[in-house]
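# Inside the fold
Here are the chains, one letter per residue:
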Amino acid sequence: MMRGMGNMQGMMKQMQKMQKEMVKAQDELNAKEFIGSSTNDLVTVTFTGDKKMKTMTINPELIDPEDPEMLQDMIVLAVNDGITKITKETDQTMGKYTKGLPGM
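Residues numbered from 1 in each chain as written. Predicted model: local features only at pLDDT ≥ 70, side-chain atom pairs only at ≥ 80, totals over all residues. Heavy atoms only, no water.

- For the chain, an unreviewed UniProt entry supplies the name Nucleoid-associated protein P7H27_02000 and the organism Enterococcus xiangfangensis.
- In its Subcellular location (unreviewed entry) section, UniProt records this for the chain: "Cytoplasm, Nucleoid".
- UniProt lists a comment for the chain under the heading Sequence similarities (unreviewed entry), and it reads "Belongs to the YbaB/EbfC family." (UniProt positions renumbered as here; feature names shortened; annotations may be inferred.)

As structure tokens, this is what we get:
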């Protein structure tokens, strides 16, 4: 009976350690910057790892009052590229903690 309790305590300590590592990894991801860009870097955006946009740069050559759709398309491309990069790195970093856990 006592052997099972010791094993349970060891498991709990291991889970607490893993939880602390997960929080640290998530904090590091949130602090990191990710740059998304459109075709030919005509629009670039910078996000933090928690998907908050910090900056956007638009090449002045792209600003054409006759063709606002082109600018809109380039912004969408850059934003989606940035979010894709964040998601990919988050999955790679956090996946090692959630791999094999039910519901994750």
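## Focus: the sheet that holds strand S2 (residues 43-48)
- The strand order S1-S2-S3 describes an open sheet built from 3 strands, whose pairing is antiparallel. Bordering the open sheet on either side are strand S1 (33-37) and strand S3 (53-58), each of which pairs with just one other strand. Each adjacent strand pair in this sheet contributes to an overall mean axis angle of 15 degrees, direction not counted.
- In this sheet, S3 lies alongside S2 in antiparallel orientation, the contact comprising 5 bridges. Each bridged residue has a counterpart across the sheet, and for valine 43 the counterpart in S3 is isoleucine 58.
- Where helix H2 (residues 68-98) meets the sheet, its contacts fall on S1, S2 and S3, and the angle it forms with S1 comes to roughly 145 degrees. (Pairing = 2+ DSSP bridges. Helix = DSSP H or I, 4+ residues; strand = E, 2+ residues; numbered from the N terminus. Axes fitted to C-alpha atoms, helices over the stretch in contact; angles between N-to-C directions. Contact = heavy atoms within 4.5 Å.)

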